Amino acid sequence: QVQPVESGGGLVQAGGSLRLSCAASGRTFGDYAMGWFRQAPGKEREFVAIISGNGGSTNYADFVKGRFAISRDNAKNTVYLQMNSLKPEDTAVYYCAARTFYGGHYSAGTFGSWGQGTQVTVSS
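These numbers come from a predicted model, not from an experiment.

Draft legend 1. Molecular detail of the packing of aromatic side chains. Applying the stated criterion to the full structure yields seven aromatic pairs. Measuring from centroid to centroid gives 5.0 Å for Phe37 and Phe111, while their planes differ by 80°, and the two rings are edge-to-face. Residue Phe37 is located in strand E4 (residues 33-39), and its partner Phe111 is located in the loop between strand E9 (92-99) and strand E10 (113-114); the two are separated by 74 residues in the primary sequence. Among the residues examined, Phe111 registers a relative accessible area of 3% and is labelled buried. When the centroid spacing of 6.4 Å and the interplanar angle of 75° are considered together, the rings of Tyr95 and Trp114 count as edge-to-face. One end of the pair, Tyr95, is in strand E9; the other, Trp114, is in strand E10, and 19 residues separate them in sequence.

Below is the structure:
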């Protein structure tokens, strides 16, 4: 019931920061846990972060913990990914996705609605 659209990607030097936004249509946005995933060319899509429908709970992949922060503003139907201390290995297309529950495993197959992705490139 939600249709995510990502924005905010771009080119940044290592050590820099970016904030990605995911605007989602739908009047039931707050009922969905929202996740961020990323995929580099030739690589599998991997989980980055998730936030519960009301924003009260978050979880992160080990490789971004302490550097990235997920947040949401349900009044704006938007979820964010603040990315700090970026590394060249963070270079990927970043996707926003929705599912109706927060808990459990965070495999991509459990998220039923996906955005088109936004490119993040980190130069060394």
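Resuming the write-up.
Draft legend 2. Focus on the side chain of Ser21. Mapped onto the elements of the fold, Ser21 is located in strand E3 (residues 18-25). Among all residues touching Ser21, those that are not within four sequence positions of it are Val5, Glu6, Ser7, Trp36, Thr78, Val79 and Tyr80.

Draft legend 3. Here's a closer look at the pattern of salt bridges. If you walk through the whole model with that rule in mind, you get three salt bridges. Residue Arg38 pairs with Glu46 through a salt bridge whose shortest N-O separation is 2.8 Å. Taking relative accessible area as the criterion, Arg38 reaches 6% and is therefore assigned buried. Note on Glu46: relative accessible area 31%, which makes it partly exposed. Residue Arg38 pairs with Asp90 through a salt bridge whose shortest N-O separation is 2.8 Å. Of this pair, Arg38 sits in strand E4 while Asp90 is found in the loop between strand E8 (78-83) and E9, placing the two residues 52 residues apart along the sequence. On the accessibility criterion, Asp90 (0% relative accessible area) is buried. Several salt bridges converge on common partners, so that one network encompasses Arg38, Glu46, Arg67 and Asp90.

Rules and cut-offs
- Residues numbered from 1 in each chain as written.
- Predicted model: local features only at pLDDT ≥ 70, side-chain atom pairs only at ≥ 80, totals over all residues.
- Heavy atoms only, no water.
- Phe/Tyr/Trp six-rings, centres within 6.5 Å; stacked < 30°, edge-to-face > 60°.
- Helix = DSSP H or I, 4+ residues; strand = E, 2+ residues; numbered from the N terminus.
- Buried < 20%, exposed > 50% of the residue type's maximum accessible area, 1.4 Å probe, protein only.
- Contact = heavy atoms within 4.5 Å.
- Salt bridge = Lys/Arg side-chain N within 4 Å of Asp/Glu carboxyl O.

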